[in-house]
Structure formats: structure tokens, C-alpha cells
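# Coordinate analysis (summary)
Okay, here's what each chain looks like letter by letter:
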Amino acid sequence: MPADIWFYHLERSGPEEVLPELLEKTLAKGWRALVRSDDGDRLASLDQSLWTWREASFLPHGRADQAEAERQPVLLASDEANPNQAQCLFLLDGAVPENADAFERVIVMFDGQDESAVNAARRLWKQLSTPQRTVSYWRQSPEGRWEKKA
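Cut-offs used in this document
Residues numbered from 1 in each chain as written. Predicted model: local features only at pLDDT ≥ 70, side-chain atom pairs only at ≥ 80, totals over all residues. Heavy atoms only, no water. Salt bridge = Lys/Arg side-chain N within 4 Å of Asp/Glu carboxyl O. Helix = DSSP H or I, 4+ residues; strand = E, 2+ residues; numbered from the N terminus. Buried < 20%, exposed > 50% of the residue type's maximum accessible area, 1.4 Å probe, protein only. Axes fitted to C-alpha atoms, helices over the stretch in contact; angles between N-to-C directions. Parallel < 35°, antiparallel > 145°, perpendicular 65-115°, else oblique. Left-handed = near helix turned anticlockwise from the far one by under 90°. Contact = heavy atoms within 4.5 Å. Nonpolar A, V, L, I, M, F, W, Y, C, P; charged D, E, K, R; others polar. Phe/Tyr/Trp six-rings, centres within 6.5 Å; stacked < 30°, edge-to-face > 60°. Pairing = 2+ DSSP bridges.

This next bit is on the pattern of salt bridges. Applying the stated criterion to the full structure yields 13 salt bridges. For Asp93, the salt bridge identified is with Arg42, shortest N-O distance 2.7 Å. Of this pair, Asp93 sits in the loop between β5 (88-91) and β6 (105-111) while Arg42 is found in helix α2 (residues 40-52), placing the two residues 51 residues apart along the sequence. Residue Arg42 is classed as buried on the basis of its relative accessible area, which comes to 18%. Arg63 is the salt-bridge partner of Asp65, the closest N and O atoms lying 3.6 Å from each other. For Arg63, a relative accessible area of 16% puts it in the buried group. Here the salt bridges do not stand alone but share partners, grouping Arg36, Asp38, Glu80 and Glu98 into one network.

Turning next to the packing of helix α1 (residues 15-28) against α2. Viewed as axis vectors pointing N to C, α1 and α2 meet at an angle of 55 degrees, and their least axial separation amounts to 11 Å. It follows from the interaxial angle that α1 and α2 lie oblique. Between α1 and α2 lies a crossing of right-handed hand. Contacts from Pro15, Glu16, Leu19, Pro20 and Leu23 of α1 reach α2 at Arg42, Ser45, Leu46, Ser49 and Leu50. Per-class residue counts for the contact of α1 with α2 are 6 nonpolar, 2 polar and 2 charged.

The tally for this structure, following the rule as stated, stands at 5 aromatic pairs. Note on Trp6 and Trp138: the rings are 5.3 Å apart at their centroids and 40 degrees apart in plane angle, and the pair reads as tilted. Of the two residues, Trp6 is situated in strand β1 (residues 4-10) and Trp138 in strand β7 (residues 135-140); the sequence distance between them amounts to 132 residues. One exposure class covers both Trp6 and Trp138, and it is buried. On the numbers, 5.3 Å between centres and 35 degrees between planes, the contact of Trp51 with Phe58 is tilted.

The two faces of β5 match: Cys88 and Phe90 on one face and Leu89 and Leu91 on the other face are all buried. Across 4 bridges, strand β2 (residues 33-36) lies against β5 in parallel orientation. Bridge pairing in β5 places Ala33 opposite Cys88. In the sheet, β5 pairs with β6 via 4 bridges, with the strands oriented parallel. Across the sheet, the residue bridging to Cys88 is Arg105, located in β6.

So, to be careful, I would describe these as geometric facts and stop short of saying anything about function.
Here it is as C-alpha cells:
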């Protein structure tokens, strides 16, 4: 069955602000998550921020290049090997899915202030849009809420 593909157009916040809330929703659904970026610095930054993103809680996670990656509910990685059997793939920093249909949902997050990132997201939208697949576009409202636009 084809994966649902959701595009998140980031205009007011970066991945460090948006991703934790989406990961919480993913875990609440009973799913595991794989967060993929080709930027090692981004992965290191996320690794630190997910432990402390809220004062009263943290998001349990690990890195794919560390021990027991398969046990992690949220796994930060530079590829899609998926040792934790994630149902949801998050793509950051221009990463594109190698095998989108290996997941139930793929979330593509792109920087709306970066014209090349917007153009790359448009190309990916066209590539992944098929009659069998649900492709959605989410944009942040002026109040900061996510609204489905397509």
C-alpha cells in the first residue's frame, strides 16, 4: 500500500521547534519514527534538543550510529535502513525518500524561506503524486496552527 506523503512548509519555525510536537503525535499513535537528514550537525542538534524540548518531558530517542538503534521509538539517521521498524519517516534538509512505500507515512519538512528548498519540494511533490497515493500540503497559519491546504 502506498505511503501517505505530508509536506510541511516551514515559514515561522525551524525543524527543532516543529519536529518534537509531530514526534509526540506519532508516538501517541503507537508508531515509531525515523528522522532522516544528510546533515550531521542537524542530527547532533536534534539529539540534544529532543531530551530537553519540554521542561516536564523528553522524547525517547537515539541515533542510528549508536548501540541498540532497533529499540528506539524515535531514531535519528542519515539513511533509511529503518532498524527500529518505524511507520513514519521524517525527511529534513532536502532528504528525499529512497523507498517511501516502506512506511505508512512520510513527512517532508522544508524551509519556506529557502527558494531552492521550495523548488525541490515542488519537484518531489510532482514525483510522489500518484492516483494511488494521498499527498497533503500543510502550512502554518499566522496564529501558528497547522492548516491542511491541499
